[in-house]
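Observations on chain architecture
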Amino acid sequence: FGQWLTWVHRMLFELGGGGLTEALVIIVSYGLIGASIKYIDQAFDLGVFSRKVATFLAIPTGLMMGVLMISNGASATIFLAIVFGVAITRKIDNLAFQVGSVLLIGVPLVFRELLEINWFPFGMLVLAGIVDEYGNDWSDGRKNKRAVLESAGGWGGFSERSLWVFEVLFSKRSFMKI
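Report on the accompanying structure.

**Description of the overall build of the protein**
In terms of regular secondary structure, the protein is built from nine helices and zero strands. In sequence order, the protein lays out its α and β elements as α-α-α-α-α-α-α-α-α. In the protein, which comprises 178 residues, the proportion classed as buried is 37%.

**Details of the nonpolar core**
Counting residues in each nonpolar core, the largest one holds 16 residues, and the members touching the most others are M69, F79, L104 and F122. Those elements giving two or more residues to this core turn out to be helix 2 (19–45), helix 3 (51–71), helix 4 (73–88) and helix 6 (119–139). Broken down by element, this core gets its largest block of residues, five residues, from helix 4. Once residues within four sequence positions are removed from consideration, F79 is found in contact with Y30, I33, M65, L68, M69 and L104.

**So, the packing of aromatic side chains**
Inspection of the entire model under this criterion finds four aromatic pairs. Centre to centre, the rings of Y39 and F49 are 4.4 Å apart; their planes meet at 15°, and the pair counts as stacked. You can see Y39 sitting in helix 2 and its partner F49 sitting in the loop between helix 2 and helix 3, a full ten residues away along the chain. With a centroid separation of 5.4 Å and 80° between ring planes, the pair formed by W119 and F122 is classed as edge-to-face. Of this pair, W119 and F122 both sit in helix 6, three residues apart, which is roughly one turn of that helix. Classification of W119 by relative accessible area gives exposed; the value is 58%. By way of ring pairs, the aromatic residues F84, W119 and F122 are connected into one cluster.

**With respect to the packing of helix 3 against helix 4**
Where helix 3 meets helix 4, the axes come as close as 5 Å, and the angle between the chain directions of the two elements is 130°. Judged by the angle between their axes, helix 3 and helix 4 are oblique. Handedness of the helix 3/helix 4 crossing: left-handed. Contacts from M65, L68, M69 and S71 in helix 3 reach G73, S75, A76, F79 and L80 in helix 4. Taken together, the residues that form the contact of helix 3 with helix 4 break down as six nonpolar, three polar and no charged.

**Description of helix 4**
Along its 16 residues, helix 4 runs 22 Å from first to last C-alpha, staying within 8% of the 22 Å computed at 1.5 Å per residue. Among all positions of helix 4, only G73, S75, A76, T77, F79, L80, A81, V83, G85 and V86 are buried. For helix 4, the capping residue at the N-terminal end is N72, with a side-chain oxygen 3.2 Å from the backbone nitrogen of A74. In the stretch just after helix 4, R90 is the one whose phi turns positive, near 60°.

**Comments concerning helix 5 (residues 95–110)**
Taking 1.5 Å per residue, 16 residues should reach 22 Å; helix 5 reaches 22 Å between its end C-alpha atoms and fits that length. Of all the positions in helix 5, only A96, F97, G100, S101, L104, V107 and P108 are classed as buried. For helix 5, the arc enclosing every buried residue in end-on projection is 140°, short of the 170-degree limit, so these residues lie on one face. The outward face of helix 5, more than 90 degrees from its buried face, is lined by the exposed residues V102 and V110. For helix 5, the side-chain oxygen to backbone nitrogen distance between the N-cap and A96 is 3.1 Å, and the N-cap itself is N94.

What counts and what doesn't
Residues numbered from 1 in each chain as written. Predicted model: local features only at pLDDT ≥ 70, side-chain atom pairs only at ≥ 80, totals over all residues. Heavy atoms only, no water. Helix = DSSP H or I, 4+ residues; strand = E, 2+ residues; numbered from the N terminus. Buried < 20%, exposed > 50% of the residue type's maximum accessible area, 1.4 Å probe, protein only. Core = buried A, V, L, I, M, F, W, Y, C linked by side-chain atoms within 4.5 Å. Contact = heavy atoms within 4.5 Å. Phe/Tyr/Trp six-rings, centres within 6.5 Å; stacked < 30°, edge-to-face > 60°. Axes fitted to C-alpha atoms, helices over the stretch in contact; angles between N-to-C directions. Parallel < 35°, antiparallel > 145°, perpendicular 65-115°, else oblique. Left-handed = near helix turned anticlockwise from the far one by under 90°. Nonpolar A, V, L, I, M, F, W, Y, C, P; charged D, E, K, R; others polar. Expected span 1.5 Å × (residues − 1). Polar contact = N/O pair within 3.5 Å; in protein donor to acceptor, adjacent residues only side chain to side chain. Arc of directions from axis to C-beta.

This is how it looks when you write it as structure tokens:
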């Protein structure tokens, strides 16, 4: 397995000489990963797609994310922050996401000497991911504002004005992505 990942890494990043080839591989990979994650999420949350296909998609998606993590420091920072954010908010809630998360963490653990994490952006992205997940629940109406704040660790001390700011920002999902 380790030899296969080394071969994939070499084919994608070393033979092309980096630069444009690496950028194109990363862009296409991010698109495929995003589409797969959305498919998995819709299959398990809304039942729109096949759960069997979604579970199968978790394997190549997790492996692709793992290979990108050992090949690219920015990808390592982003993907690890995503996993931490969804884990903290308890959103790894189905078999496909559990399988994908294990692969996403497992591949870089095997090749940890190649892993580069940028810690300040990592912290900021984890925080943004947490806010995004709780904001999704709020804007989708799955939780009211008090329930979101309580599930966010019971953060107290919010004034009514602070709650109003959250209400304005999270009442529409489009504001959350800014």
